Amino acid sequence: MDFRKFLIVWAGQLLSMVGSGLTGFALGVHAYERTGMATHAALVTLSSFLPSILLRPIGGILADRFDRRLMMIIGDIGSAAGVAFILIFMTAGEPGLWPVYAGATVSSVFVGIQSPAYKASATDLLTGEQYSKGSGLVQLAESARFLLSPFLAGWMLHQFGIATVLAIDIATYMTAVLTVFLIRKRMKPARAADEGGRWLAELRDGWQAVTVNRGVFLLVLMISLVTLFLGFLETLIGPMVLSFSDARTLGTIQTLCALGMLASSLLLGIFSVGRRYADILAAGLFIAGIAFSLIGTTTNVYFITASGFLFLAAMPFVNMSCDVMIRSNIPNEIQGRAWGIIGILSQLGFIAAYATAGPLADYVFNPLLEDGGPLAPTVGRLIGTGPGRGIGFMFVICGLLTAASALVLSRIRSIRALSANVASGPGAENGRAGEPA
């Protein structure tokens, strides 16, 4: 019964993620086409991301103190308000980009409230045996965002303009709110009478929940290193492709690449992949790193698409393995706080990447591979010269470092030991996640 409730919440978040993907794609293209610089596209991404990461520890405390349904509803409504702010100023003809940065920031603040509650709610609604399936379905929602959103956004931008894209995103947030209203089960973990203490104490509890297990802490730190490299890809793939093509081609490439994530997410949602999660994690990360490097070696859209397909096909295995190993090694009653801390630690790499990717591309790497640039006679012979080729060189470097990180991770014993605890994770003893022992 609770799995059906999980599916209802998941369906609403699926639509919301597709809508967010539409807006994210459209705003990035809008900023790049207005300025011709990767820095401004990166600033849109940073505005959309940084507040949510910084506020997730607070969102985690709220998810453990209050009904997680309420936190999801507040988060989705607030995020919709941020998008509406951008829409109002664009409709009024505001020529600058400041409403985009401001609205994206507001929306991101409320994502920081919604995300830990949504993450922790899966533990309330799923049994221990359903964790991997639930994680696979969450990855399926993510894949739908990358599968549908870029193609639809590229087409909508061409046919109707950015205002239509933003309006649709607002509607998907409201749909997500309605699906959470349908869940009548109270999703608030049991807490002792003396647990109403101070927020700093609860933040410390979340920090201790993550750091007391050496394997969990090292895994989170390794993920943060990997997200640094992935942040460059997420931020700069648009400017790289737009340097030799257009928004519709970019949307089509991203959509076809996302078929890889869709296929893997479906596989994880339907079939069991065993319990060797540490091995799955290392293999998936290594394959993703090699594919990442290949994306940067050419301007051939077919080769870029094939490499991107392989990259995104590997990522659900990486995300699922991390999710299951962490979820099964942290008690449910503090998972909201723990996921808040994990959210900020594991994604510090994204923050660093979003803040530096644009300037590095515009002022360091792209000049190196301009015609006649310092690396044109050497690296340029391998991956080409001209607009966007410096970004390609960044991808090659980051991909190789990602693959190297997988090799290091596979040799850390405390991380490998996390797989042994999956069978006895939170909720496994009584059969229902979220019920106190």
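Residues numbered from 1 in each chain as written. Predicted model: local features only at pLDDT ≥ 70, side-chain atom pairs only at ≥ 80, totals over all residues. Heavy atoms only, no water.

**Student:** Can you walk me through the overall build of the protein in this structure?
**Tutor:** The helix and strand tally for the protein stands at 16 helices and zero strands. Split into buried and exposed, the 437 residues of the protein put 58% on the buried side. For the protein, the exposed area adds up to about 17600 Å²; of that, 67% sits on carbon and sulfur atoms. (Helix = DSSP H or I, 4+ residues; strand = E, 2+ residues; numbered from the N terminus. Buried < 20%, exposed > 50% of the residue type's maximum accessible area, 1.4 Å probe, protein only. Areas by Shrake-Rupley, 256 points an atom, 1.4 Å probe, with all protein chains shown as cover.)

**Student:** I'm lost on the packing of helix α2 (residues 38-65) against helix α12 (residues 335-346) in this one. Help?
**Tutor:** In a pair of packed helices, the angle between the axes and the distance between the axes together describe the arrangement. Two numbers describe how α2 lies on α12: the axes approach to 7 Å, and their chain directions differ by 175°. By the angle between their axes, α2 is roughly antiparallel relative to α12. Contacts between α2 and α12 involve I53, L54, R56, P57, G60, I61, A63 and D64 from the former and Q335, G336, R337, G340, I341, G343 and I344 from the latter. Here the contact of α2 with α12 is composed, by residue class, of seven nonpolar, five polar and three charged. (Axes fitted to C-alpha atoms, helices over the stretch in contact; angles between N-to-C directions. Parallel < 35°, antiparallel > 145°, perpendicular 65-115°, else oblique. Contact = heavy atoms within 4.5 Å. Nonpolar A, V, L, I, M, F, W, Y, C, P; charged D, E, K, R; others polar.)

**Student:** Sorry, what's going on with the nonpolar core here?
**Tutor:** Note on soluble globular proteins: their nonpolar side chains tend to be buried together. L219, F311 and F395 are the most contacted members of the largest nonpolar core, which has 101 residues in total. In terms of residue count, the dominant contributor to this core is helix α8 (residues 214-242) (15 residues). What F395 contacts, discounting residues up to four positions off in sequence, is F232, L233, L236, I237, M240, F292, S293, I295 and G296. Grouped together as the second largest cluster of nonpolar side chains are 23 residues, M72, I113, Y118 and L140 included. (Core = buried A, V, L, I, M, F, W, Y, C linked by side-chain atoms within 4.5 Å.)

**Student:** Would you mind going over the confidence of the model for the protein with me for this structure?
**Tutor:** As a note on interpretation, predicted positions should not be read in detail where pLDDT is low. Confidence in the prediction of the protein, expressed as mean pLDDT, is 82, and 88% of residues score 70 or more. Predicted confidence is poor over residues 424-437, with pLDDT under 50, and the contacts of this stretch with residues over four places away or in other chains come to 29 contacts. (pLDDT = per-residue confidence, 0-100.)

**Student:** How should I be thinking about the pattern of salt bridges in this particular structure?
**Tutor:** Oppositely charged side chains can pair when the atoms bearing their charge come close. Applying the stated criterion across every chain, the model contains two salt bridges. Notably, a salt bridge pairs R69 with D67, separated by 2.3 Å at the nearest N-O pair. There is no split in this pair, since R69 and D67 are both buried. Ionic pairing is found between R416 and D279, a salt bridge with its closest N-O pair at 2.6 Å. (Salt bridge = Lys/Arg side-chain N within 4 Å of Asp/Glu carboxyl O.)

**Student:** How should I be thinking about the packing of α2 against α8 in this particular structure?
**Tutor:** Following both chains from N to C, one finds α2 and α8 inclined at 145°, their axes separated by 9 Å at the closest point. Between α2 and α8 lies a crossing of right-handed hand. Where α2 approaches α8, its residues A38, A41, A42 and T45 are matched on the opposing element by T235, L236 and P239. Among the residues making up the contact of α2 with α8, the classes are represented as five nonpolar, two polar and no charged. (Left-handed = near helix turned anticlockwise from the far one by under 90°.)

**Student:** Just checking my understanding: could you explain the environment of V177 for this structure?
**Tutor:** Relative to the helices and strands, V177 is located in helix α6 (residues 162-181). C-alpha separation for the pair V177 and G75, spaced 102 residues apart in sequence, amounts to 9.1 Å. Residues contacting V177, with those up to four places away along its chain left out, are I73, D76 and I77.

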